[in-house]
Amino acid sequence: MIKQGLKNYFKSLRHFFTPLGTMFLGIMLGLSVAAADTVTAASALTEGIKSLADNINLDFKNLLDGIWLQITALDWENNPASAIQTLFSAEWLNGVLSSTLQALLGTDFDTFTQEITLLVTTFTSRIAANIAVFFTFWILGFFAGLAIIKLLIRRDIAKRSVWKYVLAYFIDGLLSTAFVVLCLFVFTLWQASIYISLLIILLLIGALALIEAYLLHGFKKVKLGVVLNIKNIALYMLTNAIIFLISIIFTIAAIAVNSLMGLFVGLSLTIIAFIVISLNAESYVLSVANTPILEENKSDTVQNDSVFTNEHTEATDNTENDDLETEKTTADAADETANTQTEVN
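Residues numbered from 1 in each chain as written. Predicted model: local features only at pLDDT ≥ 70, side-chain atom pairs only at ≥ 80, totals over all residues. Heavy atoms only, no water.

S.K.: Hey, could you run me through the side chain of Thr251 in this one?
M.R.: As for its placement among the helices and strands, Thr251 is situated in helix α11 (residues 230-257). When its relative accessible area of 15% is taken as the criterion, Thr251 is described as buried. Filtering out sequence-adjacent residues up to four positions away, Thr251 remains in contact with Gly262, Gly266 and Leu269. (Helix = DSSP H or I, 4+ residues; strand = E, 2+ residues; numbered from the N terminus. Buried < 20%, exposed > 50% of the residue type's maximum accessible area, 1.4 Å probe, protein only. Contact = heavy atoms within 4.5 Å.)

S.K.: Sorry, what's going on with α11 here?
M.R.: Counting along an α-helix, one turn takes 3.6 residues, and residues three or four places apart therefore face a common direction. Its 28 residues place the ends of α11 41 Å apart at the C-alpha level, agreeing with the 40 Å of an ideal helix rising 1.5 Å per residue. Within α11, burial applies to Asn232, Ile233, Tyr236, Thr239, Asn240, Ile243, Ile246, Ser247, Thr251 and Ala254. Where α11 begins, the side chain of Asn229 points an oxygen toward the backbone nitrogen of Lys231, at a separation of 3.3 Å. (Expected span 1.5 Å × (residues − 1). Polar contact = N/O pair within 3.5 Å; in protein donor to acceptor, adjacent residues only side chain to side chain.)

S.K.: Help me understand the nonpolar core in this model?
M.R.: Soluble, globular proteins show a tendency: their nonpolar side chains are buried together. One finds Tyr9, Leu101, Ile116, Phe123, Trp138 and Ile153 to be the most contacted residues of the largest nonpolar core, which totals 50 residues. Secondary-structure elements contributing two or more residues to this core are α2 (17-50), α3 (60-72), α4 (80-87), α5 (90-105), α7 (113-157), α11 and α12 (259-344). At eleven residues, α7 tops the list of elements feeding residues into this core. Excluding anything up to four places from it in sequence, Ile153 contacts Ser12, His15, Ala158, Ile272, Ile275, Val276 and Leu279. The next biggest cluster of nonpolar side chains, apart from the first, holds 13 residues, and it includes Ala207, Leu210, Tyr214 and Tyr236. (Core = buried A, V, L, I, M, F, W, Y, C linked by side-chain atoms within 4.5 Å.)

S.K.: Looking at this structure, I do not really get the layout of surface pockets. What am I missing?
M.R.: Over the atoms rolls a probe the size of a water molecule, and in doing so it shows where empty space is left. Computed from the structure, the largest pocket encloses a volume of approximately 900 Å³. Taken together, 29 residues make up the lining of the largest pocket; nearest its centre are Leu31, Trp68, Ile71, Leu87 and Phe134. Of all elements in the fold, only α2, α3, α4, α5, α7 and α12 reach the threshold of two or more residues within the lining of the largest pocket. Tallied by class, the residues present in the lining of the largest pocket amount to 26 nonpolar, three polar and no charged. (1 Å grid on protein atoms, 1.4 Å probe; cavity = no way out; pocket = protein on both sides within 12 Å on 5 of 7 lines; lining within 4 Å. Points joined across faces, edges and corners; volume = space filled by probe spheres on them. Nonpolar A, V, L, I, M, F, W, Y, C, P; charged D, E, K, R; others polar.)

S.K.: Please explain the packing of aromatic side chains as it appears in this structure.
M.R.: Remark: the centre distance and the inter-plane angle together describe each pair of aromatic rings, the angle taken between the planes. Taken as a whole and assessed by the stated rule, the structure comprises nine aromatic pairs. For the ring pair Phe134 and Trp138, a centre distance of 6.3 Å and an interplane angle of 55 degrees mean the geometry is tilted. One end of the pair, Phe134, and the other, Trp138, are both in helix α7, four residues apart, so they sit about a helical turn from each other. You can call Phe134 buried: its relative accessible area is 15%. Owing to a relative accessible area of 12%, Trp138 belongs among the buried residues under this scheme. (Phe/Tyr/Trp six-rings, centres within 6.5 Å; stacked < 30°, edge-to-face > 60°.)

S.K.: Could you clarify how one ought to interpret the side chain of Thr22 in this entry?
M.R.: Tracing the backbone shows Thr22 in helix α2. For Thr22, a relative accessible area of 14% translates into the label buried. Among the polar contacts listed, one links the side chain of Thr22 to the backbone oxygen of Pro19, at a separation of 2.9 Å. For Thr22, the side chain forms a polar contact with the main-chain nitrogen of Gly145, separated by 3.3 Å.

S.K.: Can you help me understand the packing of helix α1 (residues 2-12) against α11 in this one?
M.R.: When two helices pack together, their arrangement is captured by the angle between the axes and the distance separating the axes. The interhelical angle for the contact between α1 and α11, taken along N-to-C directions, is 35 degrees, at an axis separation of 9 Å. The hand of the α1/α11 crossing is right-handed. Contact residues: Ile2, Gly5, Leu6, Tyr9 and Phe10 in α1; Leu235, Leu238, Thr239, Ile242, Ile243, Ile246, Ser247 and Phe250 in α11. Taken together, the residues that form the contact of α1 with α11 break down as ten nonpolar, three polar and no charged. (Axes fitted to C-alpha atoms, helices over the stretch in contact; angles between N-to-C directions. Left-handed = near helix turned anticlockwise from the far one by under 90°.)

As structure tokens, this is what we get:
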């Protein structure tokens, strides 16, 4: 099972760029929407500040350059998660805009502080909305990649017909409900059982995965005991742990090279790892269920070869017997001819 699980994982890595491609597509779409509206909002902010007094001179390009300088100053390389969190902070956005405008306007900023603050707040709300739009497209790209790559990996590892998809949802719901009811029932009898449930939950996850895979692919083809046993549950969980560990190692190596690159690499590897882990049980049951068919075909082939060999041997023996009969008949005819000639003489 371990060998087959690792083979499934490394085979699925050929789809590594699929979720990356959909995520980058989402990022580009998000940027196209968010950037355009941000430019419009910044232009409105600039015009609003200029309208406060005739002598105020605010360059639109300088405003955007000042904001962009503050954004790029965040620690995107070493701590991208913190940079994203900071970017979502309304307080940080207000501080950046206020400091940028104060540097550009000088004493005019102090004169019209209240009006500028109102304009900055309006601009900040639009920026926050645009950031939300950007990350929404990114998340949509992420889930689109998840759906596509799951379809591709399932096609390689464990195909399902339409009715088996329906059956799988039914089995998932049934087994999950039964597990929850069992835990609640035991908990009402003995409250300390919750700690036991936490200890054996990994074994139950493995058992439920194998049971579901058996009902989908092995029912009436192989005995349940061949699929569901302590050894297979342990090997199933060990295989999944190894796959997850390999993904973590690859992600850490990518982060060591570049944190931002490591973020995308880690997301792609995590998607592939979880999909393969969710399909390993089905892959194993399919291989076990197909083994008797392969052995039967092999047995039929051997039997057919044996029958052909016997028929060929029998035909050869009959041919040899016919040749001996012919030689014997010829010899008898020659002897009879010789005897007749002697009598004539």
